[in-house]
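# Structural overview
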Amino acid sequence: MGLFKQFFNNTRKPNGWMGKMMVNGMNQGHAAVSDWGLSHFPNVPTTAHSMLADFGCGGGRNTAALLKRFPAATVTALDYSKVACDKTKQFNRHEVQAGRCDIVQGDVSRLPFEAEIFDVITAFETVYFWPGPVKSFQEVWRVLKPGGTFMIVNESDGTKQADEKWTDIIDGMRILTQEQLTQYLQDAGFSKITAHVNRKQHWLCLLAEKARWTEVPIQNADS
């Protein structure tokens, strides 16, 4: 593997000194699309949510944005890269010390959390690499509270041909379209799904809600 390819494969799972360089650049490099995505976050009171999570937390900037937006909430940041977890902990060190931010190294397809504990879960520039992804989305659904929201923000919406070069460079990367992601989210159990697209930049933001109740088929009493 050439040095160029080796470096950009750290996008998937940052590791070693190259991984440290990668996460250092993520916070700035993804800032524009992250802020655009957050602009579509439901306009709710800052006290509306108490437990949030940022899965695939990378360099920790988006975790910090959630902590700032919801000053009374606790935010759990998860990544399966130790380098990313260390960077996120350093970036949010004051909130970690204050007990408002938990850093967890883990796999989105096998989340180490109990069911129905988070009000909101975000995923910025990360679902390209998630196992499944239906299996991973089912795990997100499991740990969301009824009525909770799962936000996906991607810099590539799968319709820009030039972006296909990254799937050749980065092993295991899949750039999914709005339609594909919507279907996978529905297959995972999400009900209401709203999409926002910046067609000029090919940015994509999806908001998927977990229904507040599960419909149970009515059974005949004589059956």
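In what follows, the accompanying structure is described. What you see is a predicted model, and the numbers here were worked out from it, not measured in a lab.

Procedures and definitions
- Residues numbered from 1 in each chain as written.
- Predicted model: local features only at pLDDT ≥ 70, side-chain atom pairs only at ≥ 80, totals over all residues.
- Heavy atoms only, no water.
- Helix = DSSP H or I, 4+ residues; strand = E, 2+ residues; numbered from the N terminus.
- Buried < 20%, exposed > 50% of the residue type's maximum accessible area, 1.4 Å probe, protein only.
- Disulfide = S-S within 2.5 Å.
- Salt bridge = Lys/Arg side-chain N within 4 Å of Asp/Glu carboxyl O.
- Core = buried A, V, L, I, M, F, W, Y, C linked by side-chain atoms within 4.5 Å.
- Contact = heavy atoms within 4.5 Å.

## Some words on unusual backbone geometry
- The omega torsion across Gly132 and Pro133 is 5°, close enough to zero to call that bond cis.
- Position of Pro133 among the secondary structure elements: in the loop between strand 4 (118–124) and helix 7 (134–143).
- In this structure, Glu116 takes a positive phi of about 55° despite not being glycine.
- Here Glu116 shows up in the loop between strand 3 (101–105) and strand 4.
- What makes Glu116 partly exposed here is its relative accessible area of 43%.
- The phi dihedral of Glu125 is positive, around 50°, even though this residue is not glycine.
- By the element assignment, Glu125 lies in the loop between strand 4 and helix 7.
- Residue class for Glu125 comes out buried when judged on its relative accessible area of 14%.

## Brief notes about the state of the cysteines
- If you walk through the whole model with that rule in mind, you get 0 disulfides.
- In this structure Cys57 is a free cysteine whose sulfur lies 5.1 Å from that of Cys85, the closest cysteine sulfur available.

## Thoughts on the pattern of salt bridges
- Considering all chains together, one arrives at 6 salt bridges under this definition.
- Note that Arg61 is salt-bridged to Asp35, the shortest N-O span being 3.0 Å. Taken together, the residues span a long stretch of sequence, with Arg61 in helix 4 (residues 61–69) and Asp35 in helix 3 (residues 31–38) at a distance of 26 residues.
- Put simply, Glu139 and Arg142 hold a salt bridge, and the shortest N to O gap is 2.8 Å. Here Glu139 pairs with Arg142, and both are found in helix 7, just 3 residues apart, close to one helical turn.
- Residue Glu139 is classed as buried on the basis of its relative accessible area, which comes to 14%.

## So, the nonpolar core
- Residues Phe55, Ile121, Trp130, Phe137, Phe150 and Leu185 are the most contacted members of the largest nonpolar core, which totals 28 residues.
- Only strand 1 (51–55), strand 4, helix 7, strand 5 (144–154), helix 9 (178–188) and strand 7 (203–209) provide two or more residues apiece to this core.
- A per-element tally of this core places helix 7 first, with 4 residues.
- Here Phe137 is in contact with Val127, Trp130, Phe150, Ile152, Leu181, Tyr184, Leu185, Ala188 and Phe190, once residues within four sequence places are set aside.
- Judged by nonpolar contacts, the second largest core, of 18 residues, contains Leu67, Phe70, Val75 and Cys101.

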